[in-house]
Amino acid sequence: QVQLVESGGGLVQAGGSLRLSCAASGRTFSTYVMGWFRQAPGKEREFVAAITGSGRTKYYVDSVKGRFTISRDNAKNTVYLQMNSLKPEDTAVYYCAADKDPNSLRAPQDYHYWGQGTQVTVSS
């Protein structure tokens, strides 16, 4: 079992930055692929970024490439999402997710463990 707790959300003006954190329980954090997803009101949950257990390989949705950076600190059981140049369309609840071996890194249904989410609101 893995428990995930996100933090770092908030209200920011367009062009600003936020860093989300997701702290995980357990002693095998480095064996999990970690992902960030987001869900805006009335929309489906969508993939944002993912990182492999070692941290060597990262994946991003096209809309955040060059603005968001995913990283992890396996010694601290934590994954981060640094979000720069935020836009109003980035407004959503952001969730972190974990899975040992997801079939698709980009598919929310392939992740077993989820955090409770943190709200990010970007004002124009």
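Structure: above.
As the structure is a prediction and not an experimental result, all values here were calculated from the model.

### Here's the deal with the overall build of the chain
Part 1: A count of helical and extended segments in the chain gives 0 helices and 11 strands.
Part 2: Helices (α) and strands (β) of the chain occur, in sequence order from the N terminus, as β-β-β-β-β-β-β-β-β-β-β.
Part 3: Principal axes of the C-alpha set define a box for the chain whose edges measure 40 × 25 × 25 Å.
Part 4: In the chain, buried positions account for 47% of the 124 residues.
Part 5: Residue pairs in contact within the chain that sit at least 24 positions apart in sequence constitute 58% of those at least 6 positions apart.
Part 6: Entry remark: accessible area of the chain is about 6400 Å², with carbon and sulfur atoms responsible for 45%.
Part 7: When the 14 basic and 10 acidic side-chain charges of the chain are each reduced to a single mean position, those positions are 7 Å apart.

### Structural notes on the sheet that holds strand E3 (residues 18-24)
Part 1: Reading across from one edge, E1-E3-E8-E7 is the order of the 4 strands in this open sheet, with antiparallel pairing throughout. Every interior strand has two partners, whereas the edge strands, strand E1 (4-7) and strand E7 (68-73), have only one. Geometrically, the sheet is characterised by an average inter-axis angle of 15° between neighbouring strands, direction not taken into account.
Part 2: By the bridge criterion, 6 bridges tie E7 to strand E8 (residues 78-83) in an arrangement that is antiparallel. Directly across from Phe-68, in E8, lies its bridge partner Met-83.

### Let's talk about the environment of Tyr-60
Part 1: When you line up the elements, Tyr-60 lands in strand E6 (residues 58-60).
Part 2: A sequence separation of 24 residues divides Tyr-60 from Trp-36, and the C-alpha atoms of the two residues are 9.4 Å apart.
Part 3: Residues in contact with Tyr-60, not counting those within four places in the same chain, are Phe-47, Val-48, Ala-49, Lys-65, Phe-68, Thr-69, Ile-70 and Arg-106.
Part 4: Engagement of the side chain of Tyr-60 in a polar contact is seen with the backbone nitrogen of Ile-70, the distance being 2.9 Å.

### Section: the nonpolar core
Part 1: Met-34, Trp-36, Leu-81, Met-83 and Tyr-94 are the most contacted members of the largest nonpolar core, which totals 36 residues.
Part 2: Elements supplying a minimum of two residues to this core: E3, strand E4 (33-39), strand E5 (46-51), E7, E8, strand E9 (92-99) and strand E11 (118-123).
Part 3: Once residues lying within four places of it in the same chain are set aside, the contact partners of Met-83 are Gly-16, Ser-17, Leu-18, Leu-20, Arg-67, Phe-68, Tyr-94 and Val-120.

About the criteria used
Residues numbered from 1 in each chain as written. Predicted model: local features only at pLDDT ≥ 70, side-chain atom pairs only at ≥ 80, totals over all residues. Heavy atoms only, no water. Helix = DSSP H or I, 4+ residues; strand = E, 2+ residues; numbered from the N terminus. Buried < 20%, exposed > 50% of the residue type's maximum accessible area, 1.4 Å probe, protein only. Contact = heavy atoms within 4.5 Å. Areas by Shrake-Rupley, 256 points an atom, 1.4 Å probe, with all protein chains shown as cover. Lys, Arg positive; Asp, Glu negative; His and termini not counted. Charge placed at Lys NZ, Arg CZ, Asp CG, Glu CD. Pairing = 2+ DSSP bridges. Axes fitted to C-alpha atoms, helices over the stretch in contact; angles between N-to-C directions. Polar contact = N/O pair within 3.5 Å; in protein donor to acceptor, adjacent residues only side chain to side chain. Core = buried A, V, L, I, M, F, W, Y, C linked by side-chain atoms within 4.5 Å.

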